[in-house]
Structure formats: C-alpha cells, structure tokens
Amino acid sequence: MAFSSLSKLLLSLCVVSVCVCSAARFDELFHPYWASDHFNFQGQTVNMKLDKFSGAGFSSKSKYMFGKVNIQIKLVQGDSAGTVTAFYMSSNGPKHHEFDFEFLGNTTGQPYLVQLIFMVDETPIRVHTNLEHKGIPFPKDQAMGIYSSIWNADDWATQGGRVKTDWTHAPFIASYRGFEIDSCECPTMMADSDSMRRCTSKGGWWDHPRMSQLNLHQSHQLMWVRANHMIYDYCTDTTRFPTVPIECQHHRHH
C-alpha cells in the first residue's frame, strides 16, 4: 500500500518492538552500521546524509519482541526525487520478518509517498490481523532489530524511475530525534522461541485485551486515512498480482 503524507512525521510502529518510556539519546539505543562519516550530531538531533558517494544507515543495539517504537523524522526537504528514507524493523535469516516505513522522495512541492505503514502521528493507517488459522503467516515469533537508512533509488523511487536524483541538491539530509523504545528486549544469544515465551509471560502492556483491536475512534481514523490518503493497494493490482494474494482473500484488508 502507498499513502501520500507530510514531510515531517512522528512515526509509531505498534506491532513489534522496544524498553525506554521517555526519549533517550541516540547512542543509548542505536549506532551507525553504514557510512558513519555521513552522520552529524547536533544536540539531541541526528542528521544522516546521502551524497553521490554513499547513503547511510543506523541500527538498534538490541533486538526486541512486542511493543512500540517512536521516532521523529524530518525527511529530505525540497527536491528529494530519487531518494528513499526508510525506518524499518527486521529479523535475521532467509525467512525473516520485516516491517518497512519507506518514504519515496518526490519533486519539490509534491507530497512524499509512504508505503507499508502502520501508524503515523498516533493515527492507524494499516492493520494486519492474525489469521494464522487460515494459513497466513503472522510476525510474532522472531526478535527484530530497528533500522533506518537513506539511499539513492532513482531507478524506481520517483514516478517509477522516470524522475532521477538531481545531485546538484546534494547532500540530502534526513534528521531524527525523540528516540523512544517501549518493548521486550531479547538477549542476543537467546533463541527466538525462548524470547517469545519470555516476552509473552511478562504481562506487558502489549498483552492487554485493548491492544488486540482498534477502538471505535481508531477505526474511524483508519477509514479516514484510506479515503483521503491511500493511492495504491496491492490487493487490487491485478497487473502485478494476477492471482489475488491469500491474505487479501481473507482479510478485511485494512
């Protein structure tokens, strides 16, 4: 799914990850994993740049299972065509789980496109229901790290690759602050099955019955987002998917 969006967002991914309830310093929770020379630190703000030589990325120092991550991101301003700024969670292995916030750059004055999202500014914009009983995988049993990166993707990111990155505007800067993680941290050497048992037995807020579904207000917010901001739904894209994906057949696809 893809959505139009604003250039400055508070992101909250409320399905999988993180154990600090107030904003923390970047280096308490994260570290650069790619191109550390493309980082600039200004107080509590972390700036990450893309230029013709390299993009950049950071990752969490720990992995988590169940919970919530908040982060404030100021996306690339002005002409950001060809760039992608991503904030995502991922486990390891060939059958890994991954949730992506991908912000696809655009020409000046055009809104960002956001794909595969769950919650923005505390407003739900995507819900994935657990339908394992129908044979649809559900990401509940793998500890995940938290990542962000910025890179050049002008072969596809803007208007299908028709608009290329204008390097005269480089460097392209994405800024981050307000790092919050409230989740079940998983020891590095612990097996995922043991982590799941440990995290489900802690009685965390994520196990409260009210977390199992949207309330009435959130349901109305979700309908509003779909009506006003969703511009693409892969479940209805018969060109890319001649056979309807199984999850689309069974979901009230939010």
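Residues numbered from 1 in each chain as written. Predicted model: local features only at pLDDT ≥ 70, side-chain atom pairs only at ≥ 80, totals over all residues. Heavy atoms only, no water.

Naming follows an unreviewed UniProt entry, where the chain appears as Xyloglucan endotransglucosylase/hydrolase of Centaurea solstitialis. Entered under Sequence similarities (unreviewed entry) in the UniProt record, the comment concerning the chain runs "Belongs to the glycosyl hydrolase 16 family." The chain has a UniProt comment under Function (unreviewed entry) that states "Catalyzes xyloglucan endohydrolysis (XEH) and/or endotransglycosylation (XET). Cleaves and religates xyloglucan polymers, an essential constituent of the primary cell wall, and thereby participates in cell wall construction of growing tissues." (UniProt positions renumbered as here; feature names shortened; annotations may be inferred.)

*Asks:* Help me understand the environment of S80 in this model?
*Replies:* Looking at where S80 falls in the secondary structure, it is placed in the loop between β8 (63-74) and β9 (83-90). For S80, a relative accessible area of 1% translates into the label buried. The contact partners of S80, leaving out residues within four places of it in the chain, are G105, N106 and Y112. (Helix = DSSP H or I, 4+ residues; strand = E, 2+ residues; numbered from the N terminus. Buried < 20%, exposed > 50% of the residue type's maximum accessible area, 1.4 Å probe, protein only. Contact = heavy atoms within 4.5 Å.)

*Asks:* Explain unusual backbone geometry to me, please; I cannot follow it from the model alone.
*Replies:* For residues besides glycine, phi is generally negative; the peptide bonds are generally trans as well. The peptide bond linking A170 to P171 adopts the cis configuration, its omega dihedral lying at 5 degrees. Secondary-structure assignment places P171 in the loop between β14 (145-152) and β15 (172-186). Of note, the phi angle at A35 is positive, near 55 degrees, even though the residue is not glycine. Residue position: A35 is located in the loop between β4 (30-34) and β5 (39-42). A relative accessible area of 19% places A35 in the buried class.

*Asks:* Got a minute to help me understand the pattern of salt bridges in this structure?
*Replies:* If the charged atoms of two oppositely charged side chains come close together, the side chains can form a pair. If you walk through the whole model with that rule in mind, you get three salt bridges. Ionic pairing is found between R25 and D27, a salt bridge with its closest N-O pair at 3.1 Å. Salt-bridge contacts for E132 lead to K140; the nearest nitrogen and oxygen are separated by 3.1 Å. Judged by its relative accessible area of 34%, E132 is partly exposed. Take K140: its relative accessible area is 27%, and that puts it in the partly exposed class. (Salt bridge = Lys/Arg side-chain N within 4 Å of Asp/Glu carboxyl O.)

*Asks:* Looking at this structure, how should I read the pairing of strand β7 (residues 56-60)?
*Replies:* Among the five residues that make up β7, five are buried, leaving the element largely enclosed by the rest of the structure. Neither face of β7 is exposed, since A56, F58 and S60 on one face and G57 and S59 on the opposite face are all buried. Across four bridges, β4 lies against β7 in antiparallel orientation. Of the residues in β7, the one forming a bridge with W34 is G57. As judged from the four bridges shared by β7 and β14, these two strands associate in the antiparallel manner. Residue pairing for β14: F58 is matched across the bridge by S148. (Pairing = 2+ DSSP bridges.)

*Asks:* Honestly, the UniProt feature "glycosylation site" (unreviewed entry) in the chain in this entry has me stumped. Any pointers?
*Replies:* Taking the numbering used here, the UniProt-annotated feature "glycosylation site" (unreviewed entry) corresponds to N106. Mapped onto the secondary structure, N106 falls in the loop between β10 (98-104) and β11 (112-115). According to the relative accessible area criterion, N106 is buried, its value standing at 11%. Excluding anything up to four places from it in sequence, N106 contacts G78, D79, S80, A81, P111, T158 and Q159.

*Asks:* I'm lost on the packing of aromatic side chains in this one. Help?
*Replies:* Any two aromatic rings considered together are summarised by their centre-to-centre distance and by the angle between their planes. In the structure shown here, the tally under the stated rule is 15 aromatic pairs. Judged by centre distance (6.5 Å) and plane angle (45 degrees), the ring pair of F26 and F39 falls under tilted. Taken together, the residues span a long stretch of sequence, with F26 in helix α1 (residues 26-29) and F39 in strand β5 at a distance of 13 residues. Overall, the relative accessible area of 11% leaves F39 in the buried class. Seen from their ring centres, F26 and F58 are 5.1 Å apart, and the 85 degrees between their planes marks the pair as edge-to-face. (Phe/Tyr/Trp six-rings, centres within 6.5 Å; stacked < 30°, edge-to-face > 60°.)

*Asks:* Would you mind going over helix α3 (residues 216-228) with me for this structure?
*Replies:* Working note: α-helix, 3.6 residues per turn, so residues spaced by three or four point in the same direction. Compared with an ideal rise of 1.5 Å per residue, which puts 13 residues at 18 Å, α3 spans 18 Å between its outermost C-alpha atoms and is within 8% of the ideal. Every buried residue of α3 is listed here: Q221, L222 and V225. The buried side chains of α3 occupy one side of the element, clustering within an arc of 100 degrees when seen end-on. Exposed and oriented more than 90 degrees from the buried face of α3 are L216, M223 and A227. Between a side-chain oxygen at the N-terminus of α3 and the backbone nitrogen of H217 the separation is 3.1 Å; the capping residue is N215. (Expected span 1.5 Å × (residues − 1). Arc of directions from axis to C-beta. Polar contact = N/O pair within 3.5 Å; in protein donor to acceptor, adjacent residues only side chain to side chain.)

*Asks:* How should the state of the cysteines be read in this particular structure?
*Replies:* The final tally for this structure, using the stated rule, is two disulfides. Here C184 engages in a disulfide with C199; their sulfurs sit 2.1 Å apart. Torsion about the S-S bond of the C184 and C199 cystine: about -85 degrees, corresponding to left-handed handedness. Here the residue C184 occupies a position in strand β15, and C199 occupies one in helix α2 (residues 192-200), the gap between them amounting to 15 residues. Classification of C184 as buried rests on a relative accessible area of 1%. The disulfide partner of C235 is C248, and the gap between their sulfur atoms is 1.9 Å. (Disulfide = S-S within 2.5 Å.)

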